[in-house]
Amino acid sequence: MTQHYFDALDRLGAILDQDLEMNGLRDEVGSLKDEYIAVLLPYGRLREEMPDAERDTFDSTVDRAILLSTPPALSKLSATAASLNAAGETSLAEQVASFNIITQYVFFDLLKEQDPLEAQRLGIR
């Protein structure tokens, strides 16, 4: 599961390197996010079915893998989000920045807390 997170960040970094116009960037980032939401949601559904001990092991394994890594795309993501915010493109900046926490689509409790409308849209209760 964590490899999908790293892959999403790498692919986002490649998109950000393309120096696309705003509409093109918006489309590419939106499509990529939709793709990874679809990839991550099944892991979240599996996680919800796990017994508590198995879920705790899963959670700590994911947390450890993410905390021990520093994907190069994170600095690019942050710089791009700041630049977009400065240009008044706040919704696109939020979309780009949201890749940092895209694992919330595996951790439904976080998704419900951080973005209840998105959880509702996806039928996560």
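### Considerations on the overall build of the chain
Phase 1 of the analysis: Along the backbone of the chain there are seven helices and zero strands.
Phase 2 of the analysis: Along the chain, helices (α) and strands (β) appear in the sequence α-α-α-α-α-α-α when read from the amino end.
Phase 3 of the analysis: What you see for the chain is a C-alpha radius of gyration of 15 Å, in line with the 14 Å of a compact globule of 125 residues.
Phase 4 of the analysis: Considered along the principal axes of its C-alpha atoms, the chain spans approximately 45 × 30 × 20 Å.
Phase 5 of the analysis: Looking at the chain as a whole, 39% of its 125 residues qualify as buried.
Phase 6 of the analysis: Pairs at least 24 residues apart make up 69% of the contacts formed inside the chain by residues separated by at least 6 positions.
Phase 7 of the analysis: Counting 11 positive and 22 negative side-chain charges, the chain places the averaged centre of each group 4 Å from the other.

### Some remarks on the pattern of salt bridges
Phase 1 of the analysis: Going through the model one piece at a time under the given rule, you end up with seven salt bridges.
Phase 2 of the analysis: For the salt bridge of Lys76 with Asp17, the shortest nitrogen-to-oxygen distance reads 2.9 Å. Of this pair, Lys76 sits in helix α4 (residues 73-86) while Asp17 sits in the loop between α1 (2-16) and α2 (22-49), and the two are 59 residues apart along the sequence.
Phase 3 of the analysis: Accessibility expressed as a relative area gives 54% for Asp17, which makes it exposed.
Phase 4 of the analysis: Counted as one network, the salt bridges with shared partners bring together Arg47, Glu48, Asp59 and Asp109.

### Some thoughts on the side chain of Glu118
Phase 1 of the analysis: One can find Glu118 in helix α7 (residues 116-121).
Phase 2 of the analysis: Within the structure, Glu118 has its side chain in polar contact with the side chain of Tyr105 (distance 2.8 Å).

### Some details on the packing of α1 against α4
Phase 1 of the analysis: Where α1 meets α4, the axes come as close as 9 Å, and the angle between the chain directions of the two elements is 50°. As judged from the angle between their axes, α1 and α4 are oblique. Along this stretch, α1 crosses α4, giving a crossing that reads as left-handed. Contact with α1, carried on its side by Tyr5, Leu9, Asp10, Leu12, Gly13 and Leu16, involves Ala73, Leu74, Lys76, Leu77 and Thr80 of α4 and no other residues of that element.
Phase 2 of the analysis: For the contact of α1 with α4, a count of residues per class yields seven nonpolar, two polar and two charged.

### Looking at the packing of aromatic side chains
Phase 1 of the analysis: Within this structure, the stated rule accounts for two aromatic pairs.
Phase 2 of the analysis: Note on Phe58 and Phe107: the rings are 6.1 Å apart at their centroids and 45° apart in plane angle, and the pair reads as tilted. Of this pair, Phe58 sits in helix α3 (residues 52-67) while Phe107 sits in the loop between α5 (90-97) and α6 (108-114), and the two are 49 residues apart along the sequence.
Phase 3 of the analysis: The exposure class of Phe58 is buried, given its relative accessible area of 17%.
Phase 4 of the analysis: Residue Phe107 is classed as buried on the basis of its relative accessible area, which comes to 7%.

Thresholds, definitions, all that
- Residues numbered from 1 in each chain as written.
- Predicted model: local features only at pLDDT ≥ 70, side-chain atom pairs only at ≥ 80, totals over all residues.
- Heavy atoms only, no water.
- Helix = DSSP H or I, 4+ residues; strand = E, 2+ residues; numbered from the N terminus.
- Rg over C-alpha atoms; globule rule 2.2 N^0.38 Å.
- Buried < 20%, exposed > 50% of the residue type's maximum accessible area, 1.4 Å probe, protein only.
- Contact = heavy atoms within 4.5 Å.
- Lys, Arg positive; Asp, Glu negative; His and termini not counted.
- Charge placed at Lys NZ, Arg CZ, Asp CG, Glu CD.
- Salt bridge = Lys/Arg side-chain N within 4 Å of Asp/Glu carboxyl O.
- Polar contact = N/O pair within 3.5 Å; in protein donor to acceptor, adjacent residues only side chain to side chain.
- Axes fitted to C-alpha atoms, helices over the stretch in contact; angles between N-to-C directions.
- Parallel < 35°, antiparallel > 145°, perpendicular 65-115°, else oblique.
- Left-handed = near helix turned anticlockwise from the far one by under 90°.
- Nonpolar A, V, L, I, M, F, W, Y, C, P; charged D, E, K, R; others polar.
- Phe/Tyr/Trp six-rings, centres within 6.5 Å; stacked < 30°, edge-to-face > 60°.

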